[in-house]
Amino acid sequence: AQTVTQSQPEMSVQEAETVTLSCTYDTSESDYYLFWYKQPPSRQMILVIRQEAYKQQNATENRFSVNFQKAAKSFSLKISDSQLGDAAMYFCAYRSAEGYQKVTFGTGTKLQVIP
Amino acid sequence: EPEVTQTPSHQVTQMGQEVILRCVPISNHLYFYWYRQILGQKVEFLVSFYNNEISEKSEIFDDQFSVERPDGSNFTLKIRSTKLEDSAMYFCASKTALSNAKPNEQFFGPGTRLTVL
């Protein structure tokens, strides 16, 4: 079974600074997807960024980028120029490319942005 | 932009009562999912549904739970006799069946907060 581990329960960053959230995962599969979801206090799950395992190039979405290290099974999220609206819970998630593709989530990192 | 919707946003019920949580997936999607998030914990997979049948379920999804797609647009989660520990946020998600669709990810609804008293 796949597992996703987020070792940082909480992180804080100064507004306009950069922060990196860590995630590691375990799988025996070679083809899969990785995601970062943002969950604000409203508790809605918002997709921030996705990475296909077969792509070597790291995904980027505006101020959000990932560092995907497939051999190390590491998938960190970098938020540049942090904004107050970035404050939320961030979940790292894994989905197999096979089967019915349930998503496996990590335990989350609560990000605080300090004005 | 199409989105998954869920009703109600908040449901309060007495222990032992039946509840039905409703979801309207994105119209051309064919895979449907329910997830649960107990307050302060991670999101957990409950069940996936495809072609009018359950394709996978977790150990959480016991006989108290059932899913149904009654009319081709709604996707429901029923809890027959709620327990205190069923209090959680329940998320519905849907996905297109096209394997080469971009993006080929699950779209999550806003969630239903279930409170069991």
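Residues numbered from 1 in each chain as written. Chains lettered and ligands numbered in written order. Predicted model: local features only at pLDDT ≥ 70, side-chain atom pairs only at ≥ 80, totals over all residues. Heavy atoms only, no water.

**Some words on the pattern of salt bridges**
All names here are of chain A. Selection rule: Here a salt bridge means any side-chain nitrogen of Lys or Arg lying within 4 Å of a carboxyl oxygen belonging to Asp or Glu. Note on exposure labels: buried denotes an accessible area under 20% of the residue type's maximum, exposed denotes more than 50%, and partly exposed covers the range between, all computed with a 1.4 Å probe on protein chains only.
Taken as a whole, this structure holds six salt bridges over all chains when the rule is applied. Note that K55 and E52 form a salt bridge whose closest N and O atoms lie 3.9 Å from each other. Here K55 falls in the partly exposed class, since its relative accessible area comes to 39%. Residue E52 is classed as buried on the basis of its relative accessible area of 6%.

**Section: the packing of aromatic side chains**
For any two aromatic rings, the description comes down to two numbers: the centre-to-centre distance and the angle of the planes. Short version of the rule: Pairing of aromatic rings covers Phe, Tyr and Trp, the last through its six-membered ring, and needs centres within 6.5 Å; plane angles under 30 degrees mean stacked, over 60 mean edge-to-face, and all others mean tilted.
A complete count under the given rule lists 20 aromatic pairs over all chains for this structure. An angle of 65° between the planes, with centres 5.4 Å apart, marks the rings of Y25 of chain A and Y32 of chain A as edge-to-face. Taking relative accessible area as the criterion, Y32 of chain A reaches 1% and is therefore assigned buried. An aromatic cluster of three or more residues is present, and its members are Y33, F35, Y37, F91 and F105 of chain A together with Y33, Y35, F45 and F108 of chain B.

**Section: the side chain of Q6 of chain A**
Residue and element names in this part refer to chain A. Note the threshold: The helix count covers DSSP runs of H or I at least four residues long, the strand count covers runs of E at least two residues long, and both are numbered beginning at the N terminus. A 3.5 Å cut-off defines polar contacts: any pair of N or O atoms within that distance qualifies, except that in protein one atom must be a possible hydrogen donor and the other a possible acceptor, and neighbouring residues in sequence count only when both atoms are side-chain atoms. Residue contacts are defined here by distance: any two heavy atoms, one from each residue, within 4.5 Å place the two residues in contact.
Structurally, Q6 can be placed in the loop between β1 (3–5) and β2 (10–14). One polar contact links the side chain of Q6 to the main-chain amide nitrogen of G108, over a distance of 3.0 Å. Within the local environment of Q6, its side chain forms a polar contact with the side chain of T109, the two groups lying 3.4 Å apart. Ignoring anything within four residues of it in the chain, the contact list for Q6 reads S22, C23, W36, Y90, F91, C92, G106, T107, G108 and T109.

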